[in-house]
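# Observations on chain architecture
Given next are the chains, with one letter for each unit.
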Amino acid sequence: MRQPSKENNLFVSTGRSSKGEPWIWLTAGGLSLGIVMVIALLGLILIKGVSSFWPRQIVVMQIDGENGSNKMAGYITERSERPSEGGNRIAQIQIFRGNKDIYGESFLYLDERNIKSQEISPGYMLVERTEYGPAILKPVKLVTPSGTIEEGTQGFDDAVQRMIAINEEVREQTRHIERKLIGANARAIRDIEIDLKVGKVEAEAAAAMREVLQEEFVKFQADAAKVRERIAGYEFHGLTADGREVSYMGSQLLGSFRPNDSNWFQRFWEMLQRMWRFLIEEPREANTEGGVYPAIFGTVVMTLTMTFFVTPLGVIAAIYLREYAKQGQMVRVVRICVNNLAGVPSIVFGVFGLAFFVYFVGNSIDQVFYGDKLPTPTFGTPGILWASLTLALLTLPVVIVATEEALSAVPRGVREAALACGASKWQAIQRIVIPASLPGIMTGIILAMARGAGEVAPLMLVGAVKLAPSLPIDDIAPYIHPERKFMHLGFHIYDLGFQSPDAEAAKPIVFATALLLILLVLVLNLTAIIIRNRLKKKFAVSHF
Amino acid sequence: MSATTATMPRPDFIHVEDYNFWYGQNQVLFDIDMEIPECQVTALIGPSGCGKSTLLRNMNRMNDLIDGVSHKGDIRLNGTSLYDPDVEVISLRKRVGMVFQKYNPFAKSIYENVVFSLRVAGRGKRCELDETVERSLKDAALWDEVKDRLHDSAFGLSGGQQQRLCIARAIANQPEILLMDEPCAALDPLATLKIEELITTLKKQFTIVIVTHNMEQATRCSDRTAFLYMGKLVEYGDTLQLFGNPKQKDTEAYISGRFS
Ligand SMILES: Nc1ncnc2c1ncn2[C@@H]1O[C@H](COP(=O)(O)OP(=O)(O)OP(=O)(O)O)[C@@H](O)[C@H]1O
Ligand SMILES: [Mg+2]
């Protein structure tokens, strides 16, 4: 609505209209404060998260400290000030110099007055390794099976890239052999042990089968070793800024980049590649390196499973409460209970889930169906199914309340019209009332999903782990493994931020993961909102 | 149905017998006694709050949905009591169609709105549905306006068209009785006229009971008129006679607009 402007509205005295203004300012102030907080939160996480992928330039510094002169290469991560004895403040910088295997600490603080010179000198390379994080060095030479290539000669960088590509293939193939083939082999051997224990097979037959599997295992290992041969002949030699010679096997190297010799476009491309790898790779080195793919996958699967459980349960409960139950004292009490359930701290749901789903339901399932495998639990241990069910309980009130509201918003006239056409009560609900209230129900589901996807505390008790060996859905029969533990972005943030052995190294990943979690919730919600708007168009209730 | 039967129309097709009705403790109908003849239009008039809607809504037991209602006396439909334990409300409502004061189409296509009563009755044969849609919409004088967009949303229609759609929906399953609660209250004069014409044509097939606040409307399209006042049936008779020569003082005061 447009307010009539003052010139047009001569009859309104300014004295009266200004009476309400302080309140308008107050409400507007409240809103702006909210908006500012949201923007600040999102902006901070966005900037920190994105900048952690940006390939910064490597600075070579000459340092004169208490213990002599020293040369150092690394990129600057932070500038700050610290108070000194004299009361004045000393400017300091934090740099990342990598090479953790040599120096022990990747990050260090330097007093800016000790830095004698700084320059961005060409030739420095950031090398990603399988262990100890990245290394920062000047390459010297690359030994390949077909000869040695010196730094500076034609085709050196191409050769390095080729070696890294080969290593990637080798890792891919050996991962396949180790995870899939040897994994299946180990499971087969375990199954034989179980069969033997319950007396399904004779000891001799079991021994024979074990023999076969044993042979197979040896063959797989030989295969893996053969694959590794391909990368064995490579060796990479370099020189750190303070003049130490280092060399790495080809199998240790995962990537290389020369930030000082690249233009903006190349650096931007490198950033995109890093982001992509962050999305699709598995974590390495206690989660501080590599990607978060299993956590994304776990979060999405857990949230969707939760939605799958909570939607029918909540909608059916709400339909009964609103449409069928006699509206009296009893229903009032139930409604109050449901609303209060929404206020119960989430960790309490975690405790309940652990006690009820994991220990009671899970153990009972194990007793009945997986008795052979006991004492190793199958369902009697935290897993993604129990986590989803726990969160479904947690978000149930949200769905019930939203659905009830949507049902009661369907105009009385429409219901009566349906009944007057000879529909039974259920037909009227099913054909007219539910379609008309679907958008409202969807809003409830969206809220539930947003709440469920961001919840961490209860998950720690019922199935989220810092490192899950395998995904809850994969290509090993029976393909869906509801009993498996899973990784979750929210728990990942907690784990990196509080439990990581190298807090400084984990910091960028914390922000990147937080950004990802927000984006993921956003994507899930947007999808649901798009679906809802489609429904709204289809089932719009007329207004008269 | 009634139009095709060779026998004479029943003069007491709907028979309200000593009917009393309460919302909780609040009695709103007192000893109503009237006979509504078959294949005629009967108008219910009276000041606001006198119980016209209540009486109408009891004829298809729509008021059963409200908590705490009770009644005394009986309403007979073609001889059988509505409250007979053997009578199923759902099949009763199939025989008694209803059009409401506020047009209330479903959030579905025009086509699906019309066939709703067939669908809930489990009759879903394509040819039957198509035929029903055409017949009902023609009867409701809407066919020519919507025949090219049967599968568009019903909300795309104008108010008057939506009300005629509701009429089409009410007559789709060929009920015997059509109850109309102020069907023109939300419409402009032109649409009102169309619906009045419609009522006059429809009475060949259906027994129609219509609630109206509009005296002219009652004279134009009804055969008999009942005047209700404070829950009591004050006067009931031929429309022309009731308006031309009312017997009761209250009736006269009301129809001449001298009502406090
Ligand atoms: N659902 C209800 N619960 C309780 N009382 C009701 C209900 N519906 C109607 N009443 C009361 O019953 C009386 C008759 O109402 P009714 O709707 O039948 O009047 P009406 O003659 O249709 O009036 P109008 O011309 O304004 O539609 C009114 O006093 C009203 O307050
Ligand atoms: Mg009324």
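Worth saying up front: this structure is predicted, and the values here are computed from it rather than measured.

### A short note on the overall build of chain B
Scanning chain B from N- to C-terminus turns up 10 helices and 10 strands. The globule rule puts the C-alpha radius of gyration for 260 residues at 18 Å, and the 18 Å found for chain B is close to it. Projected onto its principal axes, the C-alpha coordinates of chain B cover approximately 55 × 45 × 40 Å. Counting over 260 residues, chain B shows a buried share of 52%. If you sum the accessible surface of chain B, you get close to 11,400 Å²; carbon and sulfur atoms cover 49% of it. Considering chain B, the positive charge centre built from 30 side chains and the negative charge centre built from 35 side chains are found 3 Å apart.

### Points about the packing of aromatic side chains
The full count for this structure, using the stated rule, is 21 aromatic pairs over all chains. An aromatic cluster is present here, built from A:Phe352, A:Phe356, A:Phe357, A:Phe360, A:Tyr370, A:Phe379 and A:Trp386 joined pairwise through their rings. Sitting above the plane of the A:Tyr324 ring, A:Lys425 keeps its charged end 5.1 Å from the centroid. Lying over the aromatic face of B:Phe30, B:Lys232 brings its terminal NZ or CZ to 4.8 Å of the ring centre.

### Quick notes on the side chain of A:Arg284
Residue and element names in this part refer to chain A. Here Arg284 shows up in strand 12 (residues 283-284). Taking the relative accessible area as the measure of exposure, Arg284 reaches 14% and is therefore buried. The contacts of Arg284, once residues within four sequence positions are left out, are Glu128, Arg129, Thr130, Arg171, Leu254, Glu289 and Gly290.

### Points about a nonpolar patch on the surface
On the surface, A:Phe265, A:Phe268, A:Trp269 and A:Leu272 cluster together to form a nonpolar patch covering roughly 460 Å² of accessible area. Tracing the backbone shows A:Phe265 in helix 6 (residues 264-280).

### Overview of the sheet that holds strand 2 (residues 68-83) of chain A
Residue and element names in this part refer to chain A. Strand order in the open sheet formed by 5 strands is 4-3-2-1-5, with antiparallel pairing between adjacent strands. In the strand order of this sheet, the two ends are held by strand 4 (107-111) and strand 5 (115-119), each with one partner. Ignoring which end each strand starts from, the neighbouring axes of this sheet average 45 degrees apart. In this sheet, strand 3 (residues 89-96) lies alongside strand 2 in antiparallel orientation, the contact comprising 8 bridges. Each residue of the ladder has a partner; that of Arg79, found in strand 3, is Ile93.

### Examining the interface of chain A and chain B
One widely used convention gives an interface's size as the accessible area the parts lose upon coming together. Contact with chain A, which involves 21 residues of that partner, is made by 23 residues of chain B. In this assembly, chain A packs against chain B so that about 1,900 Å² is buried in total across both faces, 67% of it on carbon and sulfur atoms. In this structure, the connection of chain A to chain B is made through 1 salt bridge. Between B:Arg57 and A:Glu416 there is a salt bridge; the shortest N-O distance is 2.9 Å.

### Quick notes on the site of ligand 1
Residue and element names in this part refer to chain B. The local shell around ligand 1 consists of Tyr23, Val28, Ser48, Gly49, Cys50, Gly51, Lys52, Ser53, Thr54, Ile66, Glu182 and His213. At 2.5 Å, a side-chain N or O of Ser48 approaches an oxygen atom of ligand 1. For ligand 1, an oxygen atom lies 2.8 Å from a polar atom in the backbone of Gly49. Protein chains bury 62% of the 630 Å² of accessible surface belonging to ligand 1 in isolation. The greatest single-element share of the shell around ligand 1, amounting to 3 residues, is contributed by helix 1 (residues 52-58). The residue makeup of the shell around ligand 1, split by class, is 4 nonpolar, 6 polar and 2 charged.

### A look at unusual backbone geometry
One non-glycine residue, A:Asn99, adopts positive backbone phi at about 45 degrees. Looking at the element boundaries, A:Asn99 is found in the loop between strand 3 and helix 3 (100-103). Residue class for A:Asn99 comes out buried when judged on its relative accessible area of 1%. Its identity as a non-glycine residue notwithstanding, B:Glu182 has a phi of 45 degrees, on the positive side. As for its placement among the helices and strands, B:Glu182 is situated in the loop between strand 7 (177-181) and helix 7 (189-202).

### Quick word on the confidence of the model for chain A
Per-residue confidence for chain A gives a mean pLDDT of 85, with 95% of residues at or over 70. Looking over chain A, one finds the lowest element-wise mean pLDDT in helix 1 (residues 14-17) of chain A, namely 52, and the highest in helix 10 (residues 384-408) of chain A, namely 93.

The rules we used
Residues numbered from 1 in each chain as written. Chains lettered and ligands numbered in written order. Predicted model: local features only at pLDDT ≥ 70, side-chain atom pairs only at ≥ 80, totals over all residues. Heavy atoms only, no water. Helix = DSSP H or I, 4+ residues; strand = E, 2+ residues; numbered from the N terminus. Rg over C-alpha atoms; globule rule 2.2 N^0.38 Å. Buried < 20%, exposed > 50% of the residue type's maximum accessible area, 1.4 Å probe, protein only. Areas by Shrake-Rupley, 256 points an atom, 1.4 Å probe, with all protein chains shown as cover. Lys, Arg positive; Asp, Glu negative; His and termini not counted. Charge placed at Lys NZ, Arg CZ, Asp CG, Glu CD. Phe/Tyr/Trp six-rings, centres within 6.5 Å; stacked < 30°, edge-to-face > 60°. Lys NZ or Arg CZ within 6 Å of the ring centre and 35° of its normal. Contact = heavy atoms within 4.5 Å. Patch = residues over 30% accessible without salt bridge, like charges linked within 9 Å, V, L, I, M, F, W, Y side chains within 5 Å. Salt bridge = Lys/Arg side-chain N within 4 Å of Asp/Glu carboxyl O. Pairing = 2+ DSSP bridges. Axes fitted to C-alpha atoms, helices over the stretch in contact; angles between N-to-C directions. Buried area = accessible area lost by both parts, 1.4 Å probe. Near = heavy atom within 4 Å. Polar contact = N/O pair within 3.5 Å; in protein donor to acceptor, adjacent residues only side chain to side chain. Nonpolar A, V, L, I, M, F, W, Y, C, P; charged D, E, K, R; others polar. pLDDT = per-residue confidence, 0-100.

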